[in-house]
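Understanding the architecture of this molecule
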Amino acid sequence: MSDTDVTAYRLLYELDDRFDHLIATIEASLTLYERQMPPTWVFHQPIVDTDWLRKALLDMWHQEDQDGRETRNYVGIIAADETLIESIDTINQAKTHISELIQKIKNLSPKALSDIKQRLPKRHPYVVDVLRQSGFARLHLKQCWRHIPIAEAPVSRIRLAWYSSGRSIKRLSVQEAEQKLMQLDTEAAHVRIQLRKLAGLPSSETLAQVQAQAPLMRANLFFTEPLEDGHTRRALNIAMPLFVPAPEQRLPHVNLPPLHPPTERTRAKRRDEKLEQDPFLPSLRIYRYKDG
């Protein structure tokens, strides 16, 4: 084992401590929440399950056959006092510390990263039962470190809507695109055709690989009073419960969007769309820029 791997595995023990601290901060917040039972709204739950928040905050592992890019969402709104808000902020700080350390370990040793996904779930008391029943559980890193949203100030109303037109765009060189194609079955006719098309491009051209993003819930917050910067509203994604400061212990007005996201694109295409309409390399969802 190299010195780098040794250092990475030493950091794993530090990660154990940070993960235990995260669980402790979550349990402390849940104890506070369950003692207060503040007003809570949960998406399409007329009667909120008493353990809904516990499930949401402690859900940090893959389910069997789950796509590694997929995360489970818990859309809800909680009218919180200052003490509960501070408690949730402590959770977010613990999540940040874990994310930073995992990235450090990942950079030092990919082998250690694989070990992370196997060892940390076993430190979670509930996962022991999952392992006993299914024999399988792996840490879901994105669900482990994703932050719990906190509104900056009291909110009068919240407008929720599905956002299903999101996508990520990664810029690639012609050489990088070729390397990705070469990882496919180069004996297949459709791959050979794409390699020939790619060979006809100048090596200096930049391409774009497009990945459609899963539908998400978008929240528009309308603040009771303007913020210090003058803004009266803010938009954010809420895959996790949203905590709003509520001195009067009342929930803001919340609309009820459809249970499922729309099946078709809900936003008109931008007139300044920079990518060609059809993929240049369909097998990799790679497009040319119109000015390419």
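Keep in mind it's a predicted model, so treat the numbers as computed, not measured.

Our next topic: the sheet that holds strand E3 (residues 155-163). One open sheet accounts for four strands, arranged E7-E6-E3-E9; its pairing is mixed. Each having just a single partner strand, strand E7 (233-237) and strand E9 (253-254) make up the two edges of the open sheet.

So, on to the pairing of strand E2 (residues 76-80). When you tally the buried positions in E2, you get five out of five residues, the bulk of the element. The alternating pattern of E2 places Gly76, Ile78 and Ala80 on one face and Ile77 and Ala79 on the opposite face, and all of these are buried. Pairing geometry for strand E1 (residues 40-42) and E2, over three bridges, is antiparallel. Along E2, the bridge assignment pairs Thr40 with Ile78.

Looking at the chain as a whole, the pLDDT averages 83, with 78% of positions reaching at least 70. Confidence over residues 130-136 falls short of pLDDT 50; this stretch has eight contacts with residues more than four positions distant or in other chains.

Counted according to the given criterion, the structure contains three aromatic pairs. Geometrically, the ring pair formed by Trp41 and Phe43 is tilted, given 6.4 Å between the ring centres and 45° between the ring planes. For Trp41, a relative accessible area of 18% corresponds to the buried category. The class of Phe43 is buried, set by a relative accessible area of 14%. Taking the centre distance of 6.1 Å and the plane angle of 70° together, the rings of Phe43 and Trp162 count as edge-to-face. Of this pair, Phe43 sits in the loop between E1 and helix H2 (52-58) while Trp162 sits in strand E3, and the two are 119 residues apart along the sequence. By the burial criterion, Phe43 is buried, and Trp162 matches it. Over the ring of Phe280 we find Lys197, and its NZ or CZ is 4.5 Å from the ring centre. The side chain of Arg288 reaches across the aromatic face of Phe280, ending 5.5 Å from its centre.

We now examine helix H7 (residues 174-182). For H7, the complete set of buried residues consists of Val174, Ala177 and Leu181. All buried residues of H7 lie within an arc of 60° about the axis, which places them on one face of the element.

This part covers the sheet that holds strand E8 (residues 242-245). Strand order in the open sheet made by the three strands is E1-E2-E8, with mixed pairing throughout. Edge positions in the sheet fall to E1 and E8, since each of these pairs with one other strand and no more. In this sheet, adjacent strand axes meet at a mean angle of 15° when their direction is disregarded. Sheet topology note: the E2/E8 ladder contains four bridges and is parallel. From the neighbouring strand, Ala79 faces E8, where its bridge partner is Val244. Sheet strands in contact with helix H3 (residues 82-108) are E2 and E8, and its direction is about 140° off that of E8.

Pairs can form between side chains of opposite charge once their charged atoms are near each other. In total, this model carries nine salt bridges according to the counting rule given. A salt bridge links Glu205 to Arg288; its shortest N-O distance comes to 2.8 Å. In this pair, Glu205 is assigned in the loop between helix H8 (189-199) and strand E5 (206-212) and Arg288 in strand E10 (residues 286-288), connecting sequence segments 83 residues apart. On the basis of relative accessible area, Glu205 is assigned to the buried category, the value being 6%.

Rules and cut-offs
Residues numbered from 1 in each chain as written. Predicted model: local features only at pLDDT ≥ 70, side-chain atom pairs only at ≥ 80, totals over all residues. Heavy atoms only, no water. Pairing = 2+ DSSP bridges. Helix = DSSP H or I, 4+ residues; strand = E, 2+ residues; numbered from the N terminus. Buried < 20%, exposed > 50% of the residue type's maximum accessible area, 1.4 Å probe, protein only. pLDDT = per-residue confidence, 0-100. Contact = heavy atoms within 4.5 Å. Phe/Tyr/Trp six-rings, centres within 6.5 Å; stacked < 30°, edge-to-face > 60°. Lys NZ or Arg CZ within 6 Å of the ring centre and 35° of its normal. Arc of directions from axis to C-beta. Axes fitted to C-alpha atoms, helices over the stretch in contact; angles between N-to-C directions. Salt bridge = Lys/Arg side-chain N within 4 Å of Asp/Glu carboxyl O.

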